[in-house]
Amino acid sequence: MGPILLATDGSTDARQAAREALDLAEDRNATLHVVCVVDERRFDDPALSSAELATIYAEDHAVVSVDEVVGMAEGRPVTVEGDTRHGIPDEIIVEYADEVDADTIVIGERGDHEEHFSGVGRHVRAATDRDVMIVKADSES
């Protein structure tokens, strides 16, 4: 089977989605690609203002979110490749899935952003023929 793409934002639901994506990648002996998108609608190119600090924070958070999934894979027979990108999340997720020819896209139901990640999931599902799994976090997570 082909690669799996996990879209993460570091939220509780995204962590649950990461666990499920890692299990799926291991079961399928597939590469897991991880992407965190800095939403350009909220965080534009840095400028000399408080917006610059917010953008830097968002970029740092994206890197930490991807690194967290890489860390979760330690000791597992799964190859993980991560990236951070700027853009509109659902559009970037679909573009990235096309780039890596992902069989499945995994997304947490709710994210840390103002819009529920499930909204992103619905947009992704509508924009692609690939399998899209929207994962809800356990109440214990």
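Residues numbered from 1 in each chain as written. Predicted model: local features only at pLDDT ≥ 70, side-chain atom pairs only at ≥ 80, totals over all residues. Heavy atoms only, no water.

Undergrad: Would you mind going over the pairing of strand β1 (residues 4-7) in detail, with residue names and values included?
TA: Burial along β1 is two-sided: the residues Ile4 and Leu6 and Leu5 and Ala7 are all buried. Inspection of the sheet shows β1 paired to strand β2 (residues 32-39) by four bridges, in the parallel sense. Looking at the pairing, Leu5 lines up with His33 of β2. As for the winding sense of the linkage, the β-α-β connection from β1 through helix α1 (residues 12-28) to β2 is right-handed. In the sheet, β1 pairs with strand β4 (residues 104-108) via four bridges, with the strands oriented parallel. By the bridge assignment for β4, Leu5 is matched with Ile105. (Buried < 20%, exposed > 50% of the residue type's maximum accessible area, 1.4 Å probe, protein only. Helix = DSSP H or I, 4+ residues; strand = E, 2+ residues; numbered from the N terminus. Pairing = 2+ DSSP bridges. Right-handed = clockwise from strand over helix to strand, strands pointing away.)

Undergrad: With reference to specific residues and values, describe the sheet that holds β4.
TA: Strand-to-strand pairing in sheets goes through backbone hydrogen bonds, with the strands running parallel or antiparallel. In space, the five strands of this open sheet follow the order β3-β2-β1-β4-β5, with parallel pairing throughout. The open sheet has two edge strands with one neighbour each: β3 (80-87) and β5 (131-135). When the angles between neighbouring strand axes are averaged without regard to direction, this sheet yields 20 degrees. The pairing of β4 with β5 spans five bridges and is classified as parallel. From the neighbouring strand, Thr104 faces β5, where its bridge partner is Asp131. Packing against the sheet, α1 makes contact with β1, β2, β3, β4 and β5, and its axis sits at approximately 155 degrees to β4. In this fold helix α3 (residues 89-100) packs onto β1, β2, β3 and β4, with an angle of close to 155 degrees to the strand it touches most, β2. (Axes fitted to C-alpha atoms, helices over the stretch in contact; angles between N-to-C directions. Contact = heavy atoms within 4.5 Å.)

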